Amino acid sequence: MTGISLVAAALAGALGLALGSFANVLIHRVPQGVSVVSPASACPACGHRIRARHNVPVIGWLWLRGKCADCGAPISGRYPAVELATGLAFAGVTALTGPDWRTAMLLALVYFGIVLSAVDLETRRLPDPLTGAFAVCVAVLAPATCALTGQWDALLRAVIGAAALGALYGLAFVIYPKGMGFGDVKLAPSIGASLAFLGWPLFAVGVFAAFVWGAVAGVIAMRRARRTRGVAVPFGPWMFVGAATGVLIGAPVTQWYLELVMLA
Ligand SMILES: [Zn+2]
């Protein structure tokens, strides 16, 4: 790793910690339909405002040993976990990409992946303000990146990817409405756009892997519930885990598959 990419990864990690802190606010407040800007964070037990020095990502929680400074009520370990995960993911993505034209889109995918997955697991919903914000983010990042690189084919891929995955999930929803929620259908175009923007191999493997992971999760959930019907599994997280799978192994898997097909 060069010095520049090391510095970039460290900066991205710091940005991830700060945005991870805001992710906690989004995860906690958006499903309740309350403002994410005001009021300032307060202890849910005693209502005292969280002091600025205790609001420092991860360190604030460690400093307080996971307890409110005013009333001693325990503060969930989920807060520092989300901050740390976002920070590490941002640093990792930036280190792996260099950084280059893919970095910003990958960071958006990671960020909304963390926020939307957490909300879906907790509430079984993908709220419109969050899927909408992700869509706006992708719609801004894709052309902005192409304007910088001059490689407009990535934007064309993004548009086709959005339409294709939106249509696929829309169709799946119409055929089998119990299989997924309409929130998944609204999330699909943004995931399709970002994956296709990054390249067709990532899109192909990412889309396929989501259904594989979702099916595996469904089987495990059914075995745990000792039932074969009526077991609902939130699908949003698997769309993102699938996307991550596509990003990580999409290129080599597609290469291997094409060679296999050509040999046959
Ligand atoms: Zn308190």
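Computed from a predicted model, the values in this text were never measured in an experiment.

(A) The coordination of the zinc ion, seen in detail. With distances of 2.3 Å, the protein atoms coordinating the zinc ion are Cys43 (SG), Cys46 (SG), Cys68 (SG) and Cys71 (SG). Here the donor residues for the zinc ion map to a single chain with the spacing C-x2-C-x21-C-x2-C. Of the two residues, Cys46 is situated in the loop between helix H1 (3-29) and helix H2 (59-63) and Cys71 in the loop between H2 and helix H3 (78-97); the sequence distance between them amounts to 25 residues. With relative accessibility at 30%, the residue Cys46 sits in the partly exposed group. Under the relative-accessibility criterion, Cys71 is labelled partly exposed at 40%.

(B) The arrangement of the pattern of salt bridges in detail. Under the definition given, this model contains 5 salt bridges. The residue Asp70 makes a salt bridge to Arg51 at a minimum N-O spacing of 3.0 Å. You can see Asp70 sitting in the loop between H2 and H3 and its partner Arg51 sitting in the loop between H1 and H2, a full 19 residues away along the chain. With relative accessibility at 31%, the residue Asp70 sits in the partly exposed group. Look at Arg51 and you get partly exposed, because its relative accessible area is 32%. Close ionic contact of Arg78 with Glu122 constitutes a salt bridge, the shortest N to O distance being 2.5 Å. One end of the pair, Arg78, is in helix H3; the other, Glu122, is in helix H4 (residues 103-123), with 44 residues separating them in the sequence. Arg78 gets classed as partly exposed once you look at its relative accessible area, which sits at 25%.

(C) Representation of the side chain of Thr103. Here Thr103 lies in helix H4. By relative accessible area, which is 7% here, Thr103 ends up buried. Of note is the side chain of Thr103, whose polar atom sits 2.8 Å from the side chain of Thr97. One polar contact links the side chain of Thr103 to the main-chain amide nitrogen of Asp100, over a distance of 2.8 Å. Sequence-distant contacts of Thr103, that is, excluding residues within four places in its chain, are made with Val93, Thr94 and Thr97.

(D) The arrangement of the nonpolar core in detail. Core analysis: the biggest nonpolar cluster contains 48 residues, and Leu116, Phe134, Tyr169, Leu187, Ile191 and Phe197 have the highest contact counts within it. With 10 residues, the top contributor of residues to this core is H4. Apart from residues lying up to four places away in sequence, Phe197 is in contact with Trp101, Met105, Ala142, Thr145, Cys146, Ala154, Leu155, Arg157 and Ala158.

(E) View of unusual backbone geometry. Put simply, Ser38 and Pro39 share a cis peptide bond, and its omega is 0°. Locating Pro39 in the fold gives a position in the loop between H1 and H2. The backbone phi angle of Val58 is positive, close to 60°, even though this residue is not glycine. Take Val58: it is sitting in the loop between H1 and H2. Take Val58: its relative accessible area is 15%, and that puts it in the buried class. One non-glycine residue with positive phi stands out, namely Arg65, at about 55°. Tracing the backbone shows Arg65 in the loop between H2 and H3. Residue class for Arg65 comes out exposed when judged on its relative accessible area of 69%.

(F) Quick peek at the domain arrangement of the protein chain. Each assigned domain of the protein chain is listed here: domain 1 (1-99) and domain 2 (101-264). Placing the centre of domain 1 and that of domain 2 at their C-alpha centroids yields a distance of 25 Å. Contact residues are listed per partner, giving 19 residues for domain 1 and 16 residues for domain 2. Both faces considered, domain 1 and domain 2 share a buried interface measuring about 1,500 Å² in area, 78% of it formed by carbon and sulfur atoms. Only H1 and H3 provide two or more residues apiece to the side of domain 1 that touches domain 2. Looking at the side of domain 1 that touches domain 2 element by element, the count peaks at 10 residues for H3. In terms of residue class, the side of domain 1 that touches domain 2 is made up of 14 nonpolar, 4 polar and 1 charged.

What counts as what
Residues numbered from 1 in each chain as written. Predicted model: local features only at pLDDT ≥ 70, side-chain atom pairs only at ≥ 80, totals over all residues. Heavy atoms only, no water. Donors = N, O, S within 2.8 Å, 3.2 Å for Na, K, Ca; no water. Helix = DSSP H or I, 4+ residues; strand = E, 2+ residues; numbered from the N terminus. Buried < 20%, exposed > 50% of the residue type's maximum accessible area, 1.4 Å probe, protein only. Salt bridge = Lys/Arg side-chain N within 4 Å of Asp/Glu carboxyl O. Polar contact = N/O pair within 3.5 Å; in protein donor to acceptor, adjacent residues only side chain to side chain. Contact = heavy atoms within 4.5 Å. Core = buried A, V, L, I, M, F, W, Y, C linked by side-chain atoms within 4.5 Å. Domains from an automatic or database assignment. Buried area = accessible area lost by both parts, 1.4 Å probe. Nonpolar A, V, L, I, M, F, W, Y, C, P; charged D, E, K, R; others polar.

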